[in-house]
Amino acid sequence: MFRNAAAIYLHLVGPLQGKKSGASLTRCLHQTLTMAKQLQARRLDRIDYNPWVEFAKLASEEADVVNLGQGFPDFSPPEFAVEAFQHAVSGDFMLNQYTKAFGYPPLTKILASFFGKLLGQEIDPLKNVLVTVGAYGALFTAFQALVDEGDEVIIIEPFFDCYEPMTLMAGGRPVFVSLKPSPTQKGEPDSSSNWQLDPTELASKFTSRTKAFILNTPNNPLGKVFSREELELVASLCQQHDVVCITDEVYQWLVFDGFQHISIASLPGMWERTLTIGSAGKTFSVTGWKVGWVLGPDSLMKHLRTVHQNSIYSCATQGQAAVAQSFEREQVHFGQPSSYFVQFPQYIQRCRDHMIQSLQSVGLRPVIPQGSYFLITDISDFKNKMPDLPGAADEPYDRRFVKWMIKNKGLVAIPVSIFFSVPHQKFFDHYIRFCFVKDESTLRAMDQKLQKWKAELTP
Ligand SMILES: Cc1ncc(COP(=O)(O)O)c(C=O)c1O
């Protein structure tokens, strides 16, 4: 297969051994494998374009940019979490070894007791909890375990962009239903709570082939926190049509303005048909640890365990130990002012408000998010004033706008159309997403960029 393996070896290893590699050897590295057979597995058809790669590359090409695109905190995690990790690394040497396949026992135990109380369920750490490589791992395991060829999966738009490819990779058919904004009073800022599903349209998406419903509350990218009434409607449709609900609740602790996060699994009749997904990354501001979990009834979880034990098998032990200790600490402080789950959203709400005011100063119109790491902002005024930004004719306006903004204004955001299915992108190409879970110094750097932008706007 690798006819030039020796040349490649020389090129890669030669420099390490102090040998020179010639230009012809360099060319060898770039040869493309061609096969008479189709090379890529068919399950990758239609999913090979990834906008994150494109926008991360653009951001890295500019020298002086403030990156408010990707969703991660650029400040230190809480001290107790860092200490827990240090303890895991320097303490018991057995934490350097494999742990139980479905989760490090102290972690599955604390997740069971912590979430058992919140969901009103007796949760068995061995049967109802699975620890995964981040919430991404949890989602992938759930799709692989439950979605079959031809199954329909209902996805609410705008959606965390991996739900569609994960459905397709499992052989399923994504069925989209959009949240739509209702008109606001003139001059009033829009809120994510104004974005709603049409109950008749939602009901029309359920068919005899519907296998799963994907819920994400608080939602990425909009920041919508689904209300009890909205969740009750979803719950009754799932029950009526015998559908499994996969609920992604990674931002559950980041809810603002007195809104309340409700887990759909806590509604009557929903535990037995719901998989609830969480992320230590988003919970304790440690996205690099990549510890996630799924909670659910054994009848569903046993299939996820089959996927897990035949793919990942077990996750990094030390990260799990640190997350277990962090949850144990939170359980003691739960509901008190000393709790991270109380302090963190208060701090982040101030970051959100800071960003809203700054964006408004240049004529952007943020949609106030009720929760999550993100807000989306309306750019229709710019679309009207400068419709002809460079880019391909069929490229959605928001993508062209973000490229223009990165280059000319030094600010990185993410176009919101990527969170919609292709046929619906043209209706939502006038929003861009910013992440506000950023250090004060980053927000101040953003202010400087926006002040410069504002000065350029003033005649
Ligand atoms: C809605 C949502 N779900 C899941 C994830 C993935 O979480 P993790 O980093 O734990 O894999 C993210 C990350 O951005 C997200 O926004």
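Residues numbered from 1 in each chain as written. Predicted model: local features only at pLDDT ≥ 70, side-chain atom pairs only at ≥ 80, totals over all residues. Heavy atoms only, no water.

Visitor: Tell me what's going on with the UniProt feature "domain: Aminotransferase class I/classII large" (unreviewed entry) in the chain, and back it up with residues and numbers.
Guide: Residues annotated in UniProt with the feature "domain: Aminotransferase class I/classII large" (unreviewed entry) correspond here to residues 64–444. Split by type, residues 64–444 is 39% helix and 17% strand. Its first and last C-alpha atoms lie 14 Å apart. (UniProt positions renumbered as here; feature names shortened; annotations may be inferred. Helix = DSSP H or I, 4+ residues; strand = E, 2+ residues; numbered from the N terminus.)

Visitor: Which residues make up the nonpolar core, and what values go with them?
Guide: Grouped together as the largest cluster of nonpolar side chains are 105 residues, with contacts concentrated most on F327, F401 and W453. The biggest single contributor to this core is helix α13 (residues 340–360), with eight residues. With near-sequence residues (within four places) excluded, F327 lies in contact with I110, L111, F114, F115, T283, F284, W293 and F341. Core analysis: the next-biggest nonpolar cluster, separate from the first, contains 30 residues, V175, V243, L267 and M270 among them. (Core = buried A, V, L, I, M, F, W, Y, C linked by side-chain atoms within 4.5 Å. Buried < 20%, exposed > 50% of the residue type's maximum accessible area, 1.4 Å probe, protein only. Contact = heavy atoms within 4.5 Å.)

Visitor: Please provide a residue-by-residue account of the pairing of strand β9 (residues 274–279), values included.
Guide: With respect to burial, β9 is a largely interior element, six of its six residues being buried. Residue alternation in β9 divides its side chains into two sets, T274, T276 and G278 and L275, I277 and S279, and both sets are buried. With four bridges connecting them, strand β8 (residues 244–248) and β9 associate as parallel partners. Each bridged residue has a counterpart across the sheet, and for D248 the counterpart in β9 is I277. Pairing analysis gives four bridges linking β9 to strand β10 (residues 291–295), with the strands arranged antiparallel. Residue pairing for β10: I277 is matched across the bridge by V294. (Pairing = 2+ DSSP bridges.)

Visitor: Which residues make up the side chain of K438, and what values go with them?
Guide: Here K438 lies in the loop between β15 (431–435) and α17 (440–457). Within the buried core, K438 has no salt-bridge partner, and the shortest N-O distance to an opposite charge, that of D74, equals 5.2 Å. One polar contact links the side chain of K438 to the main-chain carbonyl oxygen of Q70, over a distance of 3.5 Å. K438 has contacts with N67, L68, Q70, F72, D74, F75, Y347, C351 and L443, leaving out every residue within four places of it along the chain. (Lys, Arg positive; Asp, Glu negative; His and termini not counted. Salt bridge = Lys/Arg side-chain N within 4 Å of Asp/Glu carboxyl O. Polar contact = N/O pair within 3.5 Å; in protein donor to acceptor, adjacent residues only side chain to side chain.)

Visitor: Requested: an account of the sheet that holds strand β7 (residues 210–216), with residues and values cited.
Guide: Spatially, seven strands are ordered β2-β10-β9-β8-β7-β3-β4 in an open sheet, and the strand pairing comes out mixed. Whereas interior strands pair on both sides, the edge strands pair on one side only; in this sheet they are β2 (129–133) and β4 (173–178). Between one strand and the next, the sheet's axes are offset by a mean angle of 25°, whatever the strand orientation. When β2 meets β10, the two strands line up antiparallel, connected through five bridges. (Axes fitted to C-alpha atoms, helices over the stretch in contact; angles between N-to-C directions.)

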